[in-house]
Amino acid sequence: MTEPDGHDELETQFAQWRQYAERRPELRKADTEELEDHLRGSVDELTGLGLRADEAFLVAVKRMGGLDDLSREFAREHSERLWKQLVLTGEEDGSGPDTRSRRDMLAMVVCAAGAAVSVKVPELAGIGFDDDGGFYGRNIALFTLPWLASLLAWRRQAGRGVIGALLGLFALGALAANVYPLAESSQSVVLTAIHVPLALWFVVGLAYVSDDVRSSRRRMDFIRFTGEWFVYLALIAAGGGVLTAFVFGTFEAIGISPEDAIGQWLVPCGGVAAVVVAGWLVEAKQSVVENMAPVLARLFTPLFAVVLIAFLVAFGWTGEGIDIEREALILFDLLLAVVLGLLLYSLSARDPLAPPGVFDRLQLLLVVSALVIDVLVLLEITGRITEYGTTPNKAAALGENVILLANLAWSAWLMLGFVRRRTPFAALERWQTGYLPVYAGWAWVVALAFPSVFGYL
Amino acid sequence: MKVTKDLVAASATPMVLGILAEGESYGYAILRRISELSGGELDWTEGLLYPLLHRLERLGHVESSWQSVKGERRRKYYRLTDSGVAELAEQRRQWATVVEALKQVWPGGGTLSAIPLEGMA
């Protein structure tokens, strides 16, 4: 063996060892570097004694002892490392500040501040929070989501075509929210307030996948992003509630009434900024913290399955029909949405190559029982609609029900195939990601077409 | 004869502080020095040394800096701080007490034999 060959081989071995060691959460990059230096010192000494490079490496590694023991000792000194931290300032390992994450943070601050300013701009035109709550209800998504989309598009360096599409879609959203002459008390105004944000969330999705619009994997990432964003937003909202309570309590105690400051500034500006901050947090922590949405999905899938089956059993036992109240259809829509969410977030965290297991069967059971319940409800309700005529609310709820039902029915079919090892898991994933435009389309239809179709009811 | 693990662990801090008192050094060299000083009888592992160095750094007894050595490599050097010097002095006092006491119960250093309990002979 010639000397350079031995050297190259040694470097590969070191590279492998480094890779292996860096996977340990207990060992930071600096530690691996320090240990590698140690290993190299040991190898140098052994080759000096006449060992060949590969022999020296083996002996040196053997002397150092197993990485398991080593990491255990490190963990005793650095127990905090086992609690994965969301590092906001980059790891302080002497490699200099992480410019990328710093620039991201700056962009986030700009976007969050933009959102906070934009929500106060209408006031200059005389539209106050107190006088025109409806205006803010319809437009809330327009004060927040364009900023979040800009942050994402900036991070992904979206092309001109995508940026143009984003601008156009947000403009369309602004039209849908504001051009129709809808009365404060009409059904359509509520539908608009719900569906414009939904439609625009999918525009955020477009910004999210802007580096590869057609990729199924990127769309799945957007689904993950949505779940995590929601979890973070809820956490920030809880923190914001505590902050608000303290502002109120402390200022009240010294005789200053902070109600205006809270109602006019803290809550609206903080709320819209939180939407951007939550999105940035999800992007920043992606690989640092375990995703919460799949954990919640795993936790609640068995519980929901039990509840739904219990409901079906009780329903069969009593033999009573389902008492369809006005709100019932919306309730069952939400049920389907929850079941779909459980399904999606379990899928999002699943190893696509793992064979079907007990959990997949449980999930199939959950989806099938939700389908059975929903069919029972639909049978009941279509009768009512044909009897009493339709309203925007009923039409929207019915449309959503049909869309979710179609998705879940085909999902159940694919899952059955998967559990019986006939269909690959990827088919299920592709079905879900391919279906996303359907939700977006329906949200746009309700937001844009319903008001005029139903005569601004 | 190998020194037991407990004794190695107990003497670890004064040993490292003492070696660093000779001048700044790095992990591998410290292990070499320990082996040299004890004629190979003190069985130190990397799992003992590096976490200990990090702990001493956290406590402020030593400070570290990365210096580049030949080629691309960087090496982490450790050096004693003022607080480390004080700690070493304190450790030396304690060890002196222990050694002094042991010397008194082990007079002469000759061979030892078990003394039977009274009344059991």
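As a reminder, the structure under discussion sits directly above these lines.
Structure report, in brief. On a predicted model such as this, the values are computed, not experimentally measured, just so you know.

**Points about the overall build of chain B**
Thinking step 1. The secondary structure content of chain B amounts to four helices and three strands.
Thinking step 2. Ordered by position in the sequence, the α and β elements of chain B form the string α-β-α-α-β-β-α.
Thinking step 3. A total of 121 residues make up chain B; the buried ones form 21% of that total.
Thinking step 4. Long-range pairs, those at least 24 residues apart, make up 54% of the contacts in chain B between residues at least 6 apart in sequence.

**Notes on the overall build of chain A**
Thinking step 1. The helix and strand tally for chain A stands at 17 helices and zero strands.
Thinking step 2. Long-range pairs, those at least 24 residues apart, make up 81% of the contacts in chain A between residues at least 6 apart in sequence.

**Comments concerning the nonpolar core**
What tends to happen in soluble globular proteins is that the nonpolar side chains get buried as a cluster.
Thinking step 1. Counting residues in hydrophobic clusters, the biggest one holds 83 residues, and the most contacted among them are Ala115, Val276 and Val339 of chain A.
Thinking step 2. Residue assignment places this core across two domains, with domain 2 (93–289) and domain 3 (291–423) of chain A each supplying three or more.
Thinking step 3. Here valine 276 of chain A is in contact with Met108, Cys111, Ala112, Ala115, Trp147, Leu148 and Leu151 of chain A, once residues within four sequence places are set aside.
Thinking step 4. Counting residues in each nonpolar core, the second largest holds 27 residues, with Ala56 and Leu70 of chain A together with Tyr28 and Leu49 of chain B among its members.

**A look at unusual backbone geometry**
All names here are of chain A.
Thinking step 1. Within the chain, glutamine 157 stands out as a residue other than glycine whose phi angle is a positive 50 degrees.
Thinking step 2. Within the secondary structure, glutamine 157 is located in the loop between helix H7 (133–156) and helix H8 (160–178).
Thinking step 3. If you check the backbone angles, arginine 421 has positive phi at about 60 degrees while not being a glycine.
Thinking step 4. Here arginine 421 is to be found in the loop between helix H15 (392–419) and helix H16 (425–448).
Thinking step 5. Given 9 C-beta atoms within 10 Å, arginine 421 falls into the exposed group.

**Brief notes about helix H2 (residues 27–37) of chain B**
Thinking step 1. Those residues of H2 of chain B that fall on the buried side of the exposure criterion are Gly27, Tyr28, Ile30, Leu31 and Ile34 of chain B. For H2 of chain B, the angular spread of buried residues about the axis comes to 165 degrees, placing them on one side.
Thinking step 2. Next to the buried residues of H2 of chain B lie helix H2 (29–48) of chain A together with helix H1 (5–21), strand E1 (25–26) and helix H3 (46–59) of chain B.

**A word on the packing of helix H10 (residues 216–253) of chain A against helix H11 (residues 259–285) of chain A**
Residues and elements named next belong to chain A.
Thinking step 1. With their axes 9 Å apart at the nearest point, H10 and H11 run at an angle of 150 degrees to one another. Accordingly, the angle class assigned to the pair H10 and H11 is roughly antiparallel. By crossing handedness, the relation of H10 to H11 is classed as right-handed. Across from Phe225, Glu228, Trp229, Tyr232, Leu233, Ile236, Ala237, Gly240, Thr244, Val247 and Phe248 in H10, the residues of H11 making contact are Ile262, Leu266, Val267, Gly270, Ala274, Val275, Val277, Ala278, Gly279, Leu281 and Val282.
Thinking step 2. Looking at the contact of H10 with H11, its residues break down into 17 nonpolar, four polar and one charged.

**Things to note about the interface of chain B and chain A**
Thinking step 1. In this complex, chain B contributes 15 residues to the contact, which on the side of chain A involves 18 residues.
Thinking step 2. Going through the elements one at a time, H2, H3 and strand E3 (74–80) of chain B are the ones with two or more residues in the side of chain B that touches chain A.
Thinking step 3. If you tally residues by element for the side of chain B that touches chain A, the top one is H3 of chain B, at seven residues.

**Focus: the sheet that holds E3 of chain B**
Residues and elements named next belong to chain B.
Thinking step 1. Pairing is antiparallel across the open sheet formed by three strands, whose spatial order is E1-E3-E2. Across the chains shown, the open sheet's two edge strands, defined by having one partner strand only, are E1 and strand E2 (62–68).
Thinking step 2. The pairing of E2 with E3 spans seven bridges and is classified as antiparallel. Opposite serine 64, over in E3, you have tyrosine 78 as the bridge partner.
Thinking step 3. Strands in contact with H1 are E1, E2 and E3; relative to E3, the strand with the most contacts, it is inclined by about 95 degrees.

**Here we look at the environment of threonine 390 of chain A**
Residues and elements named next belong to chain A.
Thinking step 1. Mapped onto the elements of the fold, threonine 390 is located in the loop between helix H14 (358–388) and H15.
Thinking step 2. Residue class for threonine 390 comes out partly exposed when judged on the 13 C-beta atoms lying within 10 Å of it.
Thinking step 3. Sequence-wise, threonine 390 and phenylalanine 454 are 64 residues apart; in three dimensions their C-alpha atoms are separated by 9.4 Å.

**As for the packing of H2 of chain A against helix H3 (residues 53–64) of chain A**
The axes of two packed helices give the description: the angle between them and the distance between them.
Residues and elements named next belong to chain A.
Thinking step 1. For the pair H2 and H3, the least separation of the axes is 8 Å and the interaxial angle reads 130 degrees. One element, H2, and the other, H3, form an angle in the oblique class. Classified by chirality, the crossing of H3 by H2 is right-handed. Within the contact between the two elements, H2 uses Leu39, Ser42, Val43, Leu46 and Thr47 and H3 uses Ala53, Ala56, Phe57, Val59, Ala60, Val61, Arg63 and Met64.
Thinking step 2. Residue composition of the contact of H2 with H3, by class: ten nonpolar, two polar and one charged.

Criteria and cut-off values
Residues numbered from 1 in each chain as written. Chains lettered and ligands numbered in written order. Predicted model: local features only at pLDDT ≥ 70, side-chain atom pairs only at ≥ 80, totals over all residues. Helix = DSSP H or I, 4+ residues; strand = E, 2+ residues; numbered from the N terminus. Buried ≥ 20, exposed ≤ 12 C-beta atoms within 10 Å, placed from the backbone. Contact = placed C-beta atoms within 7 Å. Core = buried A, V, L, I, M, F, W, Y, C linked by C-beta atoms within 7 Å. Domains from an automatic or database assignment. Arc of directions from axis to C-beta. Axes fitted to C-alpha atoms, helices over the stretch in contact; angles between N-to-C directions. Parallel < 35°, antiparallel > 145°, perpendicular 65-115°, else oblique. Left-handed = near helix turned anticlockwise from the far one by under 90°. Nonpolar A, V, L, I, M, F, W, Y, C, P; charged D, E, K, R; others polar. Pairing = 2+ DSSP bridges.

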